[in-house]
Amino acid sequence: MLRLFGALPTEERAKNMTDRDYLWCALNLALDQEEELSRLCPDCRRRAEEEPCPVCGAPRESWAVNGGFDWARYQALKGGGDAG
């Protein structure tokens, strides 16, 4: 969180932050991201939500450590849905 705001842990503004302040920042960052995604069409939103390799851009599915991991089931359970 501090890196995002360009603050060092030794700075007074960082020292004065409470757990509630960090939670407030994290919540607002998540809401801002969701608002940005909601402006996209479904196809662009899907592509924006993918997590590619930060170096080569390969999709996550191609570099997963556990090749048997069921991403579709994970996404369904993560969202509270029923993956069967």
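Keep in mind that this is a model prediction, so the values were computed, not measured.

Calculation notes
- Residues numbered from 1 in each chain as written.
- Predicted model: local features only at pLDDT ≥ 70, side-chain atom pairs only at ≥ 80, totals over all residues.
- Heavy atoms only, no water.
- pLDDT = per-residue confidence, 0-100.
- Helix = DSSP H or I, 4+ residues; strand = E, 2+ residues; numbered from the N terminus.
- Phe/Tyr/Trp six-rings, centres within 6.5 Å; stacked < 30°, edge-to-face > 60°.
- Salt bridge = Lys/Arg side-chain N within 4 Å of Asp/Glu carboxyl O.
- Buried < 20%, exposed > 50% of the residue type's maximum accessible area, 1.4 Å probe, protein only.

1. As for the confidence of the model for the chain
Averaged over every residue, the pLDDT of the chain is 83; residues scoring 70 or more account for 87%. Element-level pLDDT for the chain is lowest in helix α4 (residues 60–63), with a mean of 67, against a maximum mean of 92 in helix α2 (residues 19–38).

2. Quick word on the packing of aromatic side chains
This model, assessed by the stated rule, comprises one aromatic pair. Their ring planes at 90° and their centres at 5.6 Å tell us that Trp71 and Tyr74 sit as a pair that is edge-to-face. Note that Trp71 and Tyr74 are positioned in helix α5 (residues 71–78) at a spacing of three residues, about one turn of the helix.

3. Looking at the pattern of salt bridges
Following the criterion strictly, the structure yields six salt bridges and no others. For the salt bridge of Glu11 with Arg13, the shortest nitrogen-to-oxygen distance reads 2.9 Å. Arg13 gets classed as partly exposed once you look at its relative accessible area, which sits at 46%. A salt bridge links Asp43 to Arg46, with the nearest nitrogen and oxygen atoms 2.7 Å apart. Separated by three residues within a single helix, Asp43 and Arg46 lie in helix α3 (residues 42–49), roughly one turn from each other. Taking the relative accessible area as the measure of exposure, Asp43 reaches 39% and is therefore partly exposed. Given the relative accessible area of 44%, Arg46 is considered partly exposed.

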